[in-house]
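Spelled out, the chains give:
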Number of protein chains: 2
Amino acid sequence: MAADRKSAPLRIGLAGIGTVGAGVIEVLRENADIISKHCPRPILVTAVSARDRGRDRGIDLSGIAWVDDAAALAARDDVDVVVEVIGGSEGKAKEVVEKAIAAGKHVVTANKALLAHHGTALALAAEEAEVALAYEAAVAGGIPVIKAMREGLAANRITRVYGILNGTCNYILTQMRETGREFADVLEEAQKLGYAEADPSFDVDGIDAAHKLSILTSVAFGCAVDFAGVRISGIRNVSAMDIAYAEELGFRIKLLGLARQTPGGIEQRVHACMVPAASTIAKVDGVYNAVVTSGNFVGENIAIGRGAGRGPTASAVVADLMDIARDRILPAFSAPAATLARAVQAPVGQRVGSYYLRLMVVDKPGVIAEIAGVMRDENVSLESMIQRGRSPDEPVPLVFTTHETTEAAIARVAARLDEIKSVLEPAHLLPIETLE
Amino acid sequence: MAADRKSAPLRIGLAGIGTVGAGVIEVLRENADIISKHCPRPILVTAVSARDRGRDRGIDLSGIAWVDDAAALAARDDVDVVVEVIGGSEGKAKEVVEKAIAAGKHVVTANKALLAHHGTALALAAEEAEVALAYEAAVAGGIPVIKAMREGLAANRITRVYGILNGTCNYILTQMRETGREFADVLEEAQKLGYAEADPSFDVDGIDAAHKLSILTSVAFGCAVDFAGVRISGIRNVSAMDIAYAEELGFRIKLLGLARQTPGGIEQRVHACMVPAASTIAKVDGVYNAVVTSGNFVGENIAIGRGAGRGPTASAVVADLMDIARDRILPAFSAPAATLARAVQAPVGQRVGSYYLRLMVVDKPGVIAEIAGVMRDENVSLESMIQRGRSPDEPVPLVFTTHETTEAAIARVAARLDEIKSVLEPAHLLPIETLE
């Protein structure tokens, strides 16, 4: 075997034949000539497993062994690599990956939830077993961001990484901006079009983006994957009105995942925020993802592409397989897993930056003075104020942007404003990311 | 030696200590901790060579051997990799690289001219000698585009690659647009600021971009590097007036390098052209580079970053060194060099697309009819026409955009228009790239 290894086929056990799994088979077949040009070893799917054997997947599975229990792929002699595209942080996906590693098989996975929760432990196990744990497809789909950061930009001290990591949210926010419609309305349409799941919470509440961010953070800063350290909020509270005000103020609203090194530790945040309308990231629309990496020598690198879907995700899975076929195996999170320490997380409330704050108030004399007084008391300095139209004694929006302040201070402002009688709703608060 | 190889230092002989060479030393020193985290072998510069030993480069070279003749680096026992950052397609740079390969040393180079002219031969020699020929820094500076295409997107059939490959041109075009000034004026300023060379022709005539494009073409399509197959024009003929009209028509003017697979062969072009103002590439301004790659499964991938300068270029050189230190050595142009055939180049004149055409004409009755008649005769269909203001019997600009036509047809139109007495200058012609 060892002697033939450079030309022997790399044999794949495919756990999951949904959209991505079927895509992997399709890429391997349709681009076999291209792949063989780059890669001395053929890549063959020898065994597959999925829940429902009877389902028509539009893919010819003849000649490929069918395994009812995906975990059994790990034990097969005709499998060198287990590709896990089942999904989910626990259950079968986790079992398959753990068993594969234990059996000395390489693993390629597109499963961000699994890595966000168990990435460090799995990386340790993989390195002990001297097998690959590859997951390019787990973050930003078809964009080779893991490879770029782990290899292409590896000579740099990474200071910050941020991006649009969830295509569903970006699609919804783009639609809201383009049509002026509200979140619930656009979400419903996205669900009908298949851009959002029936249960959309993983996407719209920022959890999926946070899974991906925690992985990026680990690769960028060489620390353990710390999903619990991500502060997460989603886009449910973004209203059409805020999007319109953003436009007026020279911003766009995006759901960003952002990790950076601060004096107090590593800050990991996923939230809707305002970004300058002229920035590259502001113009990444629809289902596209983007990742911006800053390194101390290279400066800023931006990668944009499709973050999900059959083709892009399968493209990333097969690229990982080609790396394995070429014996290009690296520690999963850049540094050897044994050196991945849990990083100090920046304390909550320490973000320093500007904020957008929209209040619904009763339009009567003295309201602005009262609000301004609260800001003054908390040392929050106003940068701009917009009050459109007048409707005496009616609810009207009042929009403020602040100069740099702390998250804690703006939270105190919001709490105190909530106690003012003329303020009718809790403050709508969005961080402004200047991205400088 | 073999037993120690996994932890023994990788020893570098540095040929050239200009901006990039000094940057390489700086990155290796300043980021030594980061590099050692990723890389089991330390990377040490053991010997350097440059023309002028006396020059102060702001870099401490103590403890590093000085070699007067860079080619002698290849013969040294204390050198595993020769880093060539001398530049130029012939002479010393070529000699150093050839001797290094012949002596069984790995080569890392930032030299696009060398690879554009001798890339295939050097790749063959390197593969025979079983050494690396790595050149991430040669194309798009700090952006890891070679790695992305050769590895990250390797599962795809690449259909097109294009980009902004020359920061000097992009800076000049950006300045022209922002200030309304003419080319010569902005070039002079760029030279004063150090953004353009004293002899700017390599940059502004498109040669540097063509060097890079020919390399990208080889990696993208798995063919021999064919610099002679690139059709090249630069930006000297772009006028402030064309830039203003572009804006009015919803375009921006960029110098693009573009390679794609057409039914008639591979098309490689470097030219100033109009791109939709709303496209991502249109908004890549100043000294930034961008590369857009289309693959049959991944779709479009865009990478943006600094395409030149000390830090970004050194970052790419050191990434290549880290790959070598980790034994990650691949054929230089994706496919093994022996399989790199010269691709059929698409015949000249076969581009199909729209064009922008500006004429300076004497403003008198019948001119437009005469011009339209020529277009009709050549089967070129007009899409729009702009004639601003009236100045009877004075020279005025007349701007047309066409529907899809062929390069040959529009060239015939231009030649015939040149014979019309009221047409005062040769037609100013720019392709419109819709990038669809």
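Just so it is clear, the model here is predicted, and its values are computed rather than measured.

### A closer look at the overall build of chain A
Okay, step 1: If you tally the helices and strands in chain A, you get 13 helices and 17 strands.
Okay, step 2: The principal-axis extent of the C-alpha atoms belonging to chain A is close to 85 × 45 × 35 Å.
Okay, step 3: For chain A, with 436 residues in total, the buried portion stands at 61%.
Okay, step 4: Contacts in chain A between residues at least 24 apart in sequence constitute 75% of all its contacts with a sequence separation of at least 6.
Okay, step 5: Entry remark: accessible area of chain A is about 16,600 Å², with carbon and sulfur atoms responsible for 51%.
Okay, step 6: Looking at charge distribution, chain A has the averaged site of its 45 positive side-chain charges lying 3 Å from that of its 55 negative ones.

### Some points on the nonpolar core
Okay, step 1: Counting residues in hydrophobic clusters, the biggest one holds 83 residues, and the most contacted among them are Tyr135, Val145, Ile172, Leu216, Ile235, Ile253 and Phe333 of chain A.
Okay, step 2: It is helix α9 (residues 207-221) of chain A that provides the largest number of residues to this core, a total of eight residues.

### Details of the packing of helix α1 (residues 19-30) of chain B against helix α11 (residues 310-325) of chain B
Residue and element names in this part refer to chain B.
Okay, step 1: Where α1 contacts α11, the two axes come as close as 8 Å, and the packing angle between them is 65°. In this structure, α1 crosses over α11, and the sense of that crossing is right-handed. Between α1 and α11, the contacting residues are Thr19, Val20, Ala22, Gly23, Val24, Glu26, Val27 and Leu28 on the first element and Arg310, Thr313, Ala314, Ser315, Val317 and Val318 on the second.
Okay, step 2: Class assignment for the residues of the contact of α1 with α11 results in eight nonpolar, four polar and two charged.

### Some points on the environment of asparagine 170 of chain A
Residue and element names in this part refer to chain A.
Okay, step 1: Its place among the elements puts asparagine 170 in helix α6 (residues 167-179).
Okay, step 2: Apart from residues lying up to four places away in sequence, asparagine 170 is in contact with Ile164, Lys254, Val284, Asp285, Gly286 and Tyr288.
Okay, step 3: Among the polar contacts made by the side chain of asparagine 170, one reaches the side chain of lysine 254 at a distance of 3.1 Å.
Okay, step 4: Side-chain polar atoms of asparagine 170 contact the backbone oxygen of glycine 286, separated by 2.9 Å.

### Comments concerning the packing of aromatic side chains
Residue and element names in this part refer to chain B.
Okay, step 1: Within the structure shown, the criterion is met by four aromatic pairs over all chains.
Okay, step 2: An angle of 35° between the planes, with centres 5.3 Å apart, marks the rings of tyrosine 135 and phenylalanine 333 as tilted. Separated by 198 residues along the polypeptide, tyrosine 135 in the loop between β6 (133-134) and α5 (145-152) and phenylalanine 333 in the loop between α11 and β13 (352-362) bring together distant segments of the chain.
Okay, step 3: Phenylalanine 333 gets classed as buried once you look at its relative accessible area, which sits at 0%.
Okay, step 4: A centroid spacing of 4.6 Å and a plane angle of 70° characterise the contact between tyrosine 171 and tyrosine 195, whose relative ring orientation is edge-to-face. Of the two residues, tyrosine 171 sits in helix α6 (residues 167-179) while tyrosine 195 sits in the loop between α7 (183-193) and α8 (201-204), which places them 24 residues apart along the sequence.
Okay, step 5: Of the residues examined, tyrosine 171 reaches a relative accessible area of 10% and is grouped as buried.

### As for the interface of chain A and chain B
Okay, step 1: Tallying the contact residues gives 52 residues for chain A and 52 residues for chain B.
Okay, step 2: For the pair chain A and chain B, the summed buried area comes to about 4,300 Å², and 53% of that belongs to carbon and sulfur atoms.
Okay, step 3: There are eight salt bridges connecting chain A and chain B.
Okay, step 4: Among the salt bridges present, the one from glutamate 151 of chain A reaches arginine 328 of chain B, with a minimum N-O distance of 3.0 Å.
Okay, step 5: It is strand β12 (residues 299-306) of chain A that provides the largest number of residues to the side of chain A that touches chain B, a total of eight residues.
Okay, step 6: Counted by class, the side of chain A that touches chain B contains 24 nonpolar, 14 polar and 14 charged residues.
Okay, step 7: Two elements, β12 of chain A and strand β12 (residues 299-306) of chain B, share three bridges in a ladder whose sense is antiparallel. Bridge assignment links isoleucine 302 of chain A to a residue of β12 of chain B, and that residue is isoleucine 304 of chain B.

### A look at the UniProt feature "binding site: NADP(+)" (unreviewed entry) in chain A
Residue and element names in this part refer to chain A.
Okay, step 1: What UniProt calls "binding site: NADP(+)" (unreviewed entry) maps, in this numbering, to Ala15, Gly16, Ile17, Gly18, Thr19, Val20, Gly21 and Ala22.
Okay, step 2: In this structure glycine 18 comes out as partly exposed when scored by relative accessible area, which is 31%.
Okay, step 3: With respect to the secondary-structure elements, valine 20 resides in helix α1 (residues 19-30).
Okay, step 4: Judged by its relative accessible area of 18%, valine 20 falls in the buried class.
Okay, step 5: If near-sequence neighbours (up to four positions away) are discounted, valine 20 is found in contact with Val85, Thr313, Ala314 and Val317.

### Some thoughts on the sheet that holds strand β1 (residues 10-15) of chain A
Residues and elements named next belong to chain A.
Okay, step 1: One open sheet accounts for six strands, arranged β3-β2-β1-β4-β5-β6; its pairing is parallel. Two strands bound the open sheet, and with one partner strand each, they are β3 (65-66) and β6 (133-134).
Okay, step 2: Pairing between strand β4 (residues 81-84) and strand β5 (residues 106-109): four bridges, direction parallel. In the sheet register, valine 81 faces β5, and the bridge partner there is histidine 106.
Okay, step 3: Along the sheet face, α1 touches β1 and β2 (43-49) and points at about 155° away from the line of β2.
Okay, step 4: Against the sheet, helix α3 (residues 91-102) makes contact with β1, β4 and β5, and its axis sits at roughly 165° relative to β4, the strand it touches most.

### Here we look at the side chain of threonine 262 of chain A
Residues and elements named next belong to chain A.
Okay, step 1: Topologically, threonine 262 is positioned in strand β9 (residues 251-262).
Okay, step 2: Within the local environment of threonine 262, its side chain forms a polar contact with the backbone oxygen of glycine 265, the two atoms lying 2.7 Å apart.
Okay, step 3: When residues no more than four places from it in sequence are discounted, the contact partners of threonine 262 are Glu267 and Ala346.

### Structural notes on unusual backbone geometry
Residues and elements named next belong to chain B.
Okay, step 1: With a phi angle near 55°, glutamate 130 is a residue other than glycine that sits in the positive phi range.
Okay, step 2: By secondary structure assignment, the location of glutamate 130 is in the loop between α4 (112-129) and β6.
Okay, step 3: For glutamate 130, a relative accessible area of 70% puts it in the exposed group.

### Topic: the domain arrangement of chain A
In many analyses, interface size is given as the accessible surface area lost on bringing the parts together.
Residues and elements named next belong to chain A.
Okay, step 1: Parsing chain A into structural domains produces domain 1 (10-138), domain 2 (145-306) and domain 3 (352-432).
Okay, step 2: Taking only C-alpha atoms, the centre of domain 1 and the centre of domain 2 are 28 Å apart.
Okay, step 3: Contact with domain 1, which involves ten residues of that partner, is made by twelve residues of domain 2.
Okay, step 4: Each partner contributes to the roughly 960 Å² buried at the junction of domain 1 and domain 2, and carbon and sulfur atoms together form 61% of this total.
Okay, step 5: On the domain 1 side of the interface with domain 2, the three residues burying the most area are Ala116, Tyr135 and Glu136, jointly 50% of the side's total.
Okay, step 6: Where domain 1 meets domain 2, there are one salt bridge.

### Some details on the UniProt feature "active site" (unreviewed entry) in chain A
Residues and elements named next belong to chain A.
Okay, step 1: Feature annotation in UniProt assigns "active site" (unreviewed entry) to the following positions: Lys212.
Okay, step 2: Summarising the element assignment, lysine 212 is placed in helix α9.
Okay, step 3: Residue classification places lysine 212 among the buried positions, given a relative accessible area of 4%.
Okay, step 4: With residues near it in sequence (within four places) discarded, lysine 212 still touches Lys112, Ala138, Val139, Ala140, Leu165 and Asn166.

### With respect to the relation of the copies chain A and chain B
Okay, step 1: Superposing chain A onto chain B requires a rotation of 180° together with a translation of 0.0 Å along the rotation axis, leaving an RMSD of 0.0 Å. The symmetry that links the two subunits is that of a two-fold axis. The rotation axis passes nearest to the C-alpha of alanine 303 of chain A in chain A, at a distance of 2.3 Å.

### Focus on the sheet that holds strand β5 (residues 106-109) of chain B
All names here are of chain B.
Okay, step 1: Taken in spatial order, the six strands of this open sheet run β3-β2-β1-β4-β5-β6, and their pairing is parallel. Of all strands in the sheet, those with a lone pairing partner are β3 (65-66) and β6, marking the two edges.
Okay, step 2: In this fold α11 packs onto β1 (10-15), β2 (43-49), β4 (81-84), β5 and β6, with an angle of close to 160° to the strand it touches most, β5.

### Some thoughts on the pattern of salt bridges
Okay, step 1: Counted under the stated rule, the structure contains 73 salt bridges over all chains.
Okay, step 2: Linking arginine 181 of chain B and aspartate 185 of chain B is a salt bridge whose minimum nitrogen-to-oxygen distance equals 3.1 Å.
Okay, step 3: Given the relative accessible area of 38%, aspartate 185 of chain B is considered partly exposed.
Okay, step 4: The shortest N-O distance in the salt bridge between arginine 269 of chain B and glutamate 267 of chain B comes to 2.6 Å.
Okay, step 5: One connected set of salt bridges, linked through shared partners, spans Lys147, Arg150, Glu151, Asp323 and Arg328 of chain A together with Lys147, Arg150, Glu151, Asp323 and Arg328 of chain B.

The rules behind the values
Residues numbered from 1 in each chain as written. Chains lettered and ligands numbered in written order. Predicted model: local features only at pLDDT ≥ 70, side-chain atom pairs only at ≥ 80, totals over all residues. Heavy atoms only, no water. Helix = DSSP H or I, 4+ residues; strand = E, 2+ residues; numbered from the N terminus. Buried < 20%, exposed > 50% of the residue type's maximum accessible area, 1.4 Å probe, protein only. Contact = heavy atoms within 4.5 Å. Areas by Shrake-Rupley, 256 points an atom, 1.4 Å probe, with all protein chains shown as cover. Lys, Arg positive; Asp, Glu negative; His and termini not counted. Charge placed at Lys NZ, Arg CZ, Asp CG, Glu CD. Core = buried A, V, L, I, M, F, W, Y, C linked by side-chain atoms within 4.5 Å. Axes fitted to C-alpha atoms, helices over the stretch in contact; angles between N-to-C directions. Left-handed = near helix turned anticlockwise from the far one by under 90°. Nonpolar A, V, L, I, M, F, W, Y, C, P; charged D, E, K, R; others polar. Polar contact = N/O pair within 3.5 Å; in protein donor to acceptor, adjacent residues only side chain to side chain. Phe/Tyr/Trp six-rings, centres within 6.5 Å; stacked < 30°, edge-to-face > 60°. Buried area = accessible area lost by both parts, 1.4 Å probe. Salt bridge = Lys/Arg side-chain N within 4 Å of Asp/Glu carboxyl O. Pairing = 2+ DSSP bridges. UniProt positions renumbered as here; feature names shortened; annotations may be inferred. Domains from an automatic or database assignment. Least-squares fit on C-alpha atoms with pLDDT ≥ 70 in both.

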